[in-house]
Amino acid sequence: MGITLSVIKADVGGYVGHSESHPDVIAKGDECLAKAKKEGLLVDYHVTKCGDDLQLIMTHQHGEGDEQIHRLAWDTFCAATEVAKKLKLHGAGQDLLADAFSGNIKGLGPGSAEMEFEEREAETIIIFMADKTSAGAWNMPLYKMFADPFNTIGLVIAENMHGGFAFEVLDVKESRKITFNAPDEIYDMLVFIGAPSRYVIRAVYHRDTGEIAAVSSTDKLALIAGRYVGKDDPVCIVRSQGQFPAVGEILEPFATPILVEGWMRGSHMGPLMPVSIPDSTPSRFDGPPRVVAVGFQLADGRLVGPRDMFADKAFNLARHDANLMANIMRHHGPFEPHRLPLDEMEYTTMPQVMKKVEGRFTDL
Ligand code: F6R
Ligand code: MG
Ligand code: MG
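Residues numbered from 1 in each chain as written. Chains lettered and ligands numbered in written order. Predicted model: local features only at pLDDT ≥ 70, side-chain atom pairs only at ≥ 80, totals over all residues. Heavy atoms only, no water.

Caption draft 1: Quick peek at the pattern of salt bridges. Counting across every chain of the model gives 16 salt bridges. Residue Arg239 is joined to Glu123 by a salt bridge in which the shortest nitrogen-to-oxygen separation is 2.9 Å. You can see Arg239 sitting in strand β10 (residues 235-240) and its partner Glu123 sitting in strand β5 (residues 123-131), a full 116 residues away along the chain. Where Arg198 meets Asp171, a salt bridge forms, and the shortest distance between an N and an O atom there is 2.9 Å. In this pair, Arg198 is assigned in the loop between α5 (186-193) and β8 (199-206) and Asp171 in strand β6 (residues 165-171), connecting sequence segments 27 residues apart. We classify Asp171 as buried; its relative accessible area is 4%. Through salt bridges with shared partners, a single network forms among Arg120, Glu123, Glu211 and Arg239. (Salt bridge = Lys/Arg side-chain N within 4 Å of Asp/Glu carboxyl O. Helix = DSSP H or I, 4+ residues; strand = E, 2+ residues; numbered from the N terminus. Buried < 20%, exposed > 50% of the residue type's maximum accessible area, 1.4 Å probe, protein only.)

Caption draft 2: Spotlight on the site of ligand 1. The local shell around ligand 1 consists of His18, His90, Lys132, Trp263, Met264, Arg265, Gly266, Asp286 and Tyr347. Contact with the protein chains removes 74% of the 410 Å² of surface that ligand 1 exposes when unbound. Of the residues that constitute the shell around ligand 1, the class distribution is three nonpolar, three polar and three charged. (Near = heavy atom within 4 Å. Areas by Shrake-Rupley, 256 points an atom, 1.4 Å probe, with all protein chains shown as cover. Nonpolar A, V, L, I, M, F, W, Y, C, P; charged D, E, K, R; others polar.)

Caption draft 3: Focus on the packing of aromatic side chains. All chains considered together, the criterion is met by 11 aromatic pairs. Seen from their ring centres, Trp263 and Phe285 are 5.7 Å apart, and the 80° between their planes marks the pair as edge-to-face. Linking Trp263 in the loop between β11 (259-262) and β12 (268-271) with Phe285 in the loop between β13 (273-274) and β14 (290-299), this pair joins segments that are 22 residues apart in sequence. Given the relative accessible area of 22%, Phe285 is considered partly exposed. One aromatic cluster in this structure is built from Phe128, Trp138, Phe254, Phe310 and Phe315. In this structure, Arg239 is placed above the aromatic ring of Phe117, and the distance from its NZ or CZ to the ring centre is 4.3 Å. The ring of Phe285 is capped by Arg330, whose NZ or CZ atom sits 3.6 Å from the centre of that ring. (Phe/Tyr/Trp six-rings, centres within 6.5 Å; stacked < 30°, edge-to-face > 60°. Lys NZ or Arg CZ within 6 Å of the ring centre and 35° of its normal.)

Caption draft 4: Molecular detail of the coordination of the magnesium ion (ligand 3). Protein ligation of the magnesium ion (ligand 3) involves Asp52 (OD), Asp53 (OD), Asp131 (OD) and Asp233 (OD), the donor distances falling in the range 2.0 to 2.5 Å. By relative accessible area, Asp53 is classed as buried at 0%. (Donors = N, O, S within 2.8 Å, 3.2 Å for Na, K, Ca; no water.)

Caption draft 5: Expanded view of the nonpolar core. Ranked by size, the top nonpolar core spans 41 residues in total, and within it Phe128, Leu142, Phe146, Phe165, Phe167, Val238 and Leu251 carry the most contacts. If one sorts the elements of this core by residue count, helix α3 (residues 139-147) sits on top with five residues. Once residues within four sequence positions are removed from consideration, Leu142 is found in contact with Ala147, Phe167, Ile201, Ala214, Cys236 and Val238. Residues Val12, Leu42, Val47 and Leu96 belong to the second largest nonpolar core, which totals 26 residues. (Core = buried A, V, L, I, M, F, W, Y, C linked by side-chain atoms within 4.5 Å. Contact = heavy atoms within 4.5 Å.)

Caption draft 6: Summary view of unusual backbone geometry. Cis geometry marks the peptide bond from Tyr15 to Val16; its omega dihedral reads -5°. Relative to the helices and strands, Val16 resides in the loop between β1 (2-10) and α1 (23-38). Residue Pro306 is bonded to the preceding Gly305 through a cis peptide linkage, with omega at 10°. Mapped onto the fold, Pro306 is located in strand β15 (residues 302-308).

In structure tokens form, the structure reads like this:
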């Protein structure tokens, strides 16, 4: 059965501050998608949250980039924004950058990741959602899942994976893309994806079959009006088992926390902490950045699940490590490498301050 999985998300208001989503906002999302399912537009759906982001997980048969599905997501975010406004939540409607829907949600503020595929006999899906970081955060985990034999033993010993995977990489600054084949070209690829603020993995394909394996949201990566207007708080869909990495191989990269861009005011480096959905409540210095993972089996498009994958106690040590890393980064206060380099901060007063003191600089 041909099915499309769409994950579309937006921050439509935070509770309290930017730390969490209000239950009434999530309930409104659920109400809107239940109606769409009843009317036959959706096969199934699941509404959840990661921190202050409302997450719409939808299955349907209309393909990627479909206007009706994108309109449904937009209208749902608008309805949820009304709830947020009534509660005077913080930044109500903050990710709805356009005044009206115009055919496709891309470029309007929300983030989206979509993939269309033929549902397998058993179709295992993991959906990652992150808060207080940007899409480049998936670079290292995706590399480990699909190209690193120290993470994914299947690349070495499973015949149906031994042919490797192809990575589609976006150059955010130049708005162009390139595909690298792993394992043949990993050294070339790492030159680029090791710089995740500029080069971002958008999709991964199984080389022998050409099947889609993973796709991430990359909607807000472009520099809008010459400056960042918001870290993406990205999502990523990964297919699992059989010719794709096993669930445990897909989750394993998050057992060793890495430093990512985001955190307070989108302007800091901090550890990406894997947590359960209820624990996606970034409160310490508006962080540290969080990642959640929900798992589903698909049954003719029906979402059987979710399983809250990082609720597993086996990730306790990763959380402990992430907290230690958060402390070490916080020791640096307003200094790099905790604070981001000047041109990557979401907030900056540099132009005003420079203007004020410019005349006091003298040549050496
Ligand atoms: C980071 C984030 C928060 C806000 C901060 C200031 O992605 O969302 O750290 O940047 O709380 O928020 P405002 O400017 O809305 O008061
Ligand atoms: Mg927010
Ligand atoms: Mg957010």
